[in-house]
Amino acid sequence: MDKAELFTYTPADQYRTSVAYFAMEYAIDQSLKIYAGGLGFLAGSHLRSAYHLQQNFVAVGLLWKYGYYDQVRDATNHMADAFIEKHYSFLRDINITFSITVHQSPVHVKAYLLPPATFGCAPLFLLTTDIPENDELSRSITHRLYDSNEATRIAQNIVLGIGGAKMLDILGLTPDVYHMNEGHAVALNFYLYDKFKNLEEVKKRVVFTTHTPEMAGNEAHNFALLETMSFFYHLTVTEVRELLQLEGEQFNYTLTALKFARKANGVSKLHTQIAQQMWGANAGICPLIPITNAQNRYYWADMQISRQLQSKDVQGFAGRKKELKRELFRVVADQCGKLFREDVLTIVWARRFAGYKRAGLLMADWQAFVSLVTQTKYPVQLIWAGKPYPGDEAGAGEFNQLINRTFAFCNCAVLTGYELRLSALLKQGADLWLNTPRLYHEASGTSGMTAAMNGAVNLSIADGWVAEFARDPVNCFLIPTAPQELQEPQKDEMENKAMLQVLQQKVLPMYYDNPEEWFRIAGTAYEDVVPAFDSDRLARQYYQDLYV
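A quick note: this is a predicted structure, and the numbers were derived from the prediction, not measured.

Conventions adopted
- Residues numbered from 1 in each chain as written.
- Predicted model: local features only at pLDDT ≥ 70, side-chain atom pairs only at ≥ 80, totals over all residues.
- Heavy atoms only, no water.
- Disulfide = S-S within 2.5 Å.
- Helix = DSSP H or I, 4+ residues; strand = E, 2+ residues; numbered from the N terminus.
- Polar contact = N/O pair within 3.5 Å; in protein donor to acceptor, adjacent residues only side chain to side chain.
- Contact = heavy atoms within 4.5 Å.
- Pairing = 2+ DSSP bridges.
- Axes fitted to C-alpha atoms, helices over the stretch in contact; angles between N-to-C directions.
- Salt bridge = Lys/Arg side-chain N within 4 Å of Asp/Glu carboxyl O.
- Buried < 20%, exposed > 50% of the residue type's maximum accessible area, 1.4 Å probe, protein only.
- Expected span 1.5 Å × (residues − 1).
- Arc of directions from axis to C-beta.
- Parallel < 35°, antiparallel > 145°, perpendicular 65-115°, else oblique.
- Nonpolar A, V, L, I, M, F, W, Y, C, P; charged D, E, K, R; others polar.

A. Focus on the state of the cysteines. For the structure shown, the criterion picks out zero disulfides. Free cysteine: Cys 410, not disulfide-bonded; nearest cysteine sulfur from Cys 412 at 8.3 Å.

What follows is the structure, given as structure tokens:
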């Protein structure tokens, strides 16, 4: 494939090193539903900045026939998973079909291209197995993002890693650097090892980003199952163990990626420290450095809000916030039948639903919660949104419990359909962005970055990126954390009380009684988040610190 045709621009001199970026999900545009949450949001922003900076950078992903899932409501008003077939007329068929081996059988793979000019992002190749040449089982590999079936998940990883690397060779786009964004594409290393027959030659070409600070969250599968699935390309389990000095029955994606890469990064300074503690004792792993996640301000920030924050236009900011709130509150009315007010402090909690993120922490003391949402001196409005993993009964149960517990309150809403469009509306319409993870469990988190880009003030646990950003109460409000030696129920109780105290003693009085000071905090947050947490910085830093 001709690079001039592919890029539609000549890569800038400082970005001549060619990079291929592998990820399971990309949040590029609302219309392209191939993402689940934060990993995709990060990848989407990275691709936008790579395009903006004219980097020599292509991306590889999978074309999910049913996307992640459509979050809808059932007859009882609870959330439900809907898997709806997707079609995209704007993807370009590049007339490439090739085969790889999955489960010791040939599987045919077809490649499509998202041209850079379509949404203003680096070239993105998307692979699908849902073509007539395959049987039904093989076609289903690229049906659902993060399929709950273990063998299907492994097959997806093979298509991404081995299929993606093979496609680049076929197209004549073999890169200088292969970047695995999380461990899903780790099988590509076995393809490269077969090509070079030398571990050091593979290491020269591979870098890795790890995202998961909990050992249980790092994907692992049984060696024997992976061998049966043809995960190791042409190597046997014995050869893989000897090559990488691996022990035990479980093959860990993250550990293997750290052994194949020449350099890796964590996604915040705090997360990198945790990752070094998690993996540092293992022989043969590469150096780990911090490159903190970021988001693309040109995509996420409302331009009027940006100008008003930069020019310190208090009145203009207040007026624009009310306009953005109206847009958000139309969704609230449509979904929940509740009419929110533009002059009331609006608190938003919105991100992937997972237990450690503690969506319901504000309700840990129910009577205190009721007092907060029913008092009239400093009224509040609360919105929750987010998606649990498909099949995650605990996550869906937590989501539905929020619906049940807030149903009677006219100033509380739980929204379904948390995708790019709704995410933008929530960040633009929020006054206060609530972030309540258990300390040391959030690798980075990025939703608070884009909230700050839209004039929302963060109220947060100082985890992930927040630990680098926060200056309490100069650019945000922090929730004091409980001693780490306590049990989780005790931590929840203490941090709930601390959060309510910050809300009642600092946040609410300032918002209503001292709006100029509130605006000052919002303005300082904007200055601190841009450019430090804008993805242009991230894209530059990856070239400087990881690729070159």
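B. Region of the structure containing the side chain of Thr 142. Along the chain, Thr 142 falls in the loop between helix H4 (136-139) and helix H5 (150-170). Reaching out from Thr 142, the side chain makes a polar contact with the side chain of Thr 128 at a distance of 3.3 Å. A distance of 3.1 Å separates a polar atom in the side chain of Thr 142 from the backbone nitrogen of Thr 129. Not counting residues within four places of it along the chain, the set of residues in contact with Thr 142 comprises Leu 62, Leu 63, Trp 64, Lys 65, Leu 127, Thr 128, Thr 129 and Asp 130.

C. Broad picture of the sheet that holds strand E8 (residues 177-181). If you walk across this open sheet you meet the nine strands as E5-E6-E7-E2-E1-E8-E9-E12-E13, and the pairing is mixed. Each having just a single partner strand, strand E5 (92-102) and strand E13 (288-290) make up the two edges of the open sheet. Put simply, the sheet's adjacent strands are angled 25° from each other on average, direction ignored. Note that strand E2 (residues 57-62) and strand E7 (residues 124-128) share four bridges and pair parallel. Following the sheet pairing, Ala 59 is matched in E7 by Leu 124.

D. Spotlight on the pattern of salt bridges. Applying the stated criterion across every chain, the model contains 30 salt bridges. Ionic pairing is found between Glu 419 and Lys 33, a salt bridge with its closest N-O pair at 2.7 Å. Of this pair, Glu 419 sits in the loop between strand E16 (412-415) and helix H17 (420-429) while Lys 33 sits in the loop between strand E1 (19-22) and helix H2 (38-52), and the two are 386 residues apart along the sequence. With a relative accessible area of 8%, Glu 419 lands in the buried category.

E. Structural view of helix H16 (residues 393-406). An ideal rise of 1.5 Å per residue puts 20 Å on 14 residues; H16 measures up with 20 Å between its terminal C-alpha atoms. Within H16, burial applies to Gly 395, Ala 396, Phe 399, Asn 400, Leu 402, Ile 403 and Thr 406. Projected down its long axis, H16 shows its buried positions confined to an angular sector of 145°, all on one face. Away from its buried face, by an angle of more than 90 degrees, H16 presents the exposed residues Glu 393 and Ala 394. Those residues of H16 that are buried are in contact with strand E3 (70-73), strand E4 (79-82), strand E15 (380-385) and E16. The opening residue of H16, the one whose side-chain oxygen lies 3.3 Å from the backbone nitrogen of Ala 394, is Asp 392.

F. Focus on the packing of helix H13 (residues 303-311) against helix H21 (residues 515-529). Relative orientation of the contacting elements H13 and H21 amounts to 105°, with a least axis distance of 9 Å. As the angle between them shows, H13 and H21 are arranged roughly perpendicular. Packed against H13, whose contacting residues are Ser 306, Gln 308, Leu 309 and Gln 310, the element H21 presents Phe 519, Ala 522, Gly 523 and Tyr 526 at the interface. Of the residues assigned to the contact of H13 with H21, the class counts are four nonpolar, four polar and no charged.

G. Layout of unusual backbone geometry. Cis geometry marks the peptide bond from Asp 472 to Pro 473, where omega comes out at 0°. With respect to the helices and strands, Pro 473 occurs in the loop between helix H19 (466-469) and strand E19 (477-478). Look at the link from Val 530 to Pro 531: it is a cis peptide, with omega at 10°. One can find Pro 531 in the loop between H21 and helix H22 (535-547). Phi is positive for Gln 245, close to 55°, though the residue is something other than glycine. Here Gln 245 is to be found in the loop between helix H9 (237-244) and strand E11 (250-252).

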